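Single-letter residue listing:
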Amino acid sequence: MSRKPTEDLLSALEQIVGPNGALRPGPDQEPYLTEWRDKYRGATPLIVRPATTQEVSRVLKLTYAANVAVVPQGGNTGLVGGQIPDPAGHEILISLDRMTRIGAIDVANNTLTVEGGAVLADIQKAAAEHDRLFPLSLASEGSARIGGLLSTNAGGTNVLRYGNAREQVLGLEVVLPDGTVWDGLRGLRKDNTGYDLKDLFIGAEGTLGIITGAVLKLQSMPRDYVAAFVGLRSPSAAIDLLARARSSFDQALSCFELIPRRGLDFVLQSFTDLKDPLDAPHPWYVLVELSSTESPGTLAPRLEEFLGAGVEEGRVENAVVAQSDGQRQSFWQLRERLSEAQKPFGGSIKHDISLPASQISDFLNRANQMVEQACPGIRPVPFGHLGDGNLHYNLTQPEGMDKQAFLDQWPQISRIVHDLVHEMGGSISAEHGLGQLKRDEIKHYKSDIEIDLMRRIKYAVDPKGLMNPGKVL
Ligand SMILES: Cc1cc2nc3c(=O)[nH]c(=O)nc-3n(C[C@H](O)[C@H](O)[C@H](O)COP(=O)(O)OP(=O)(O)OC[C@H]3O[C@@H](n4cnc5c(N)ncnc54)[C@H](O)[C@@H]3O)c2cc1C
């Protein structure tokens, strides 16, 4: 059972991190206590911002001895409230935003060692400076930090080709709840020496320890990129195109993102500098991207031929292949602004689900009907990483409805959606994690044995339950 921190403990923690590393309640704490969706608001008597692993360890030794709970935070871009402390104000927030060092690259081993607070965009840049690719890529990459990305096992737009965050890491350094440092910073691609401990911490959402360092796996830098914006009649046409693109392009197929017309309309109305790449509207779109290490200009003719055949055979309504890197980026803007573009249209009830790609069309038909029945006029805006079977099944409120009255229906609507996902063999959290948002919801869908094993692991690593309590379990 965790305790409220005493003033003595708070002063001792401040001494460890120094005046630049501690924030008492006040306006400077604000950015750490609210989150992107404005759904959770926390409170804390102290934010500590350690500058080294040793400082993290010293902080945890004190909090552990005093039975005080802690909440790790990276870039605060998480979408399930995992990084926000309890509003009661008894938990210490530990931010890694001062641990941003990017170490030396090992070109021969294709690895890069970074501190837990390194920002994803900076890691990508450091790899690119050595002609290497760090392939993890998501719209929050300018703020999300590697400790948070690994703790949520983040996905993003390149999973189709390179896998989730879990697949991008070879070694970790973690500070355990009692302050012990586990140095697993090894850059080995083969290491069958017992349980893979790093995999315990990846996706644990800060409930088992604090990730303070990582050895990341790098890839060859593609030389050739091409993207196309494709108009389609239905999700099943998109799934058919995905299967054909896989056969035609194999490893070169790196992104395959689904966008509904309603989502594109929201983006075009919210961001007037962006333009519809196609002349006429289509019910659905996919953004397809290919990349390879071959010479620039190799992929574009192949993609044009592939899509041209689709148009001739009536499988594709229309398509445009980007003629420049600028145009390719503008296609990506249309995809990446989708979440933000929903805000002016009222409240949104959001889901992050995955299913076998073959089930997605059926799911959308059934789910749309069910939510319309539950809330007439509801506006589905399902979009996302179709290539991974991952949809953000977002539901915007009916026009003219009171926002709060709509958001109050979140539990009932989510139950309908999640029951259907479960029935169809899918997951209710594809890439965002459970955090606070889905902590109770998951109990309906995971088997008793899975929940029991998770609890036993949690107890073995964090017997006092002080590491990010109330999240995941
Ligand atoms: C616009 C936008 C787009 C997004 N797109 C995607 C997407 O495409 N794919 C995707 O997967 N996610 C996406 N996200 C969600 C989010 O960016 C990811 O979950 C990201 O991995 C969170 O990283 P962070 O550093 O911000 O972590 P935070 O939000 O700070 O924390 C997330 C969780 O990790 C824990 N944590 C943080 N740092 C550490 C650490 N060092 N050690 C242990 N635990 C830690 C926290 O306690 C919390 O439980 C998006 C978010 C936004 C705002």
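These figures come from a predicted structure and were not determined experimentally.

Explain the site of the ligand residue by residue, including any values.
By nearness alone, 34 residues border the ligand, and P72, G74, T77, G78 and S140 come closest of all. Separating a nitrogen atom of the ligand from a backbone N or O atom of G148 is a distance of 3.4 Å. Contact between the ligand and S151: a nitrogen atom at 2.9 Å from a side-chain N or O atom of the residue. Protein chains bury 95% of the 970 Å² of accessible surface belonging to the ligand in isolation. Counting residues per element, the ones that place at least two in the shell around the ligand are β3 (70-73), α5 (146-151) and β10 (210-217). Element by element, the count of residues in the shell around the ligand is highest for α5, at 4 residues. Partitioned by chemical class, the residues of the shell around the ligand number 11 nonpolar, 20 polar and 3 charged.

Give me the lowdown on the sheet that holds strand β6 (residues 111-115), citing residues and values where you can.
Within a sheet, adjacent strands bond to each other through the backbone by hydrogen bonds, running parallel or antiparallel. The antiparallel open sheet is built from 5 strands, whose spatial order is β5-β6-β10-β8-β9. Looking at the sheet topology across the chains shown, the edges are occupied by β5 (102-106) and β9 (181-184). Along the sheet, successive strands turn relative to each other by an average axial angle of 15 degrees, direction set aside. By the bridge criterion, 6 bridges tie strand β8 (residues 169-175) to β10 in an arrangement that is antiparallel. Bridge pairing in β10 places E173 opposite G213. Strands β8, β9 and β10 of the sheet are contacted by helix α3 (residues 53-65), whose axis makes an angle of about 45 degrees with β8. Contacting β5, β6 and β10, helix α4 (residues 120-129) runs over the sheet at an angle of about 35 degrees to β5.

I'd like a description of the pattern of salt bridges, backed by residues and values.
Side chains that differ in sign of charge can pair as their charged atoms come close. Applying the stated criterion across every chain yields a total of 22 salt bridges. The shortest N-O distance in the salt bridge between E30 and R41 comes to 2.7 Å. In this pair, E30 sits in helix α2 (residues 30-33) while R41 sits in the loop between α2 and β2 (47-48), placing the two residues 11 residues apart along the sequence. With a relative accessible area of 47%, R41 lands in the partly exposed category. The salt bridge involving K443 is made with D440; its shortest N-O contact spans 3.0 Å. Classification of D440 as partly exposed rests on a relative accessible area of 40%.

Report on the nonpolar core, specifying residues and quantitative values.
Ranked by size, the top nonpolar core spans 51 residues in total, and within it F256 and F363 carry the most contacts. Of all the secondary-structure elements, those providing two or more residues to this core are β12 (224-232), α8 (235-249), β13 (253-260), β14 (284-292), α10 (299-312), α13 (360-374), β19 (390-396) and α15 (410-423). Here this core gets 7 residues from one element, more than from any other, and that element is α8. When near neighbours in sequence (up to four residues on either side) are disregarded, F256 contacts L160, A238, L241, L242, A245, V286, L287, V288, G384, H385, L386 and G387.

Analysis parameters
- Residues numbered from 1 in each chain as written.
- Predicted model: local features only at pLDDT ≥ 70, side-chain atom pairs only at ≥ 80, totals over all residues.
- Heavy atoms only, no water.
- Near = heavy atom within 4 Å.
- Polar contact = N/O pair within 3.5 Å; in protein donor to acceptor, adjacent residues only side chain to side chain.
- Areas by Shrake-Rupley, 256 points an atom, 1.4 Å probe, with all protein chains shown as cover.
- Helix = DSSP H or I, 4+ residues; strand = E, 2+ residues; numbered from the N terminus.
- Nonpolar A, V, L, I, M, F, W, Y, C, P; charged D, E, K, R; others polar.
- Pairing = 2+ DSSP bridges.
- Axes fitted to C-alpha atoms, helices over the stretch in contact; angles between N-to-C directions.
- Contact = heavy atoms within 4.5 Å.
- Salt bridge = Lys/Arg side-chain N within 4 Å of Asp/Glu carboxyl O.
- Buried < 20%, exposed > 50% of the residue type's maximum accessible area, 1.4 Å probe, protein only.
- Core = buried A, V, L, I, M, F, W, Y, C linked by side-chain atoms within 4.5 Å.

Everything listed is a geometric property; what it means functionally is a separate question.
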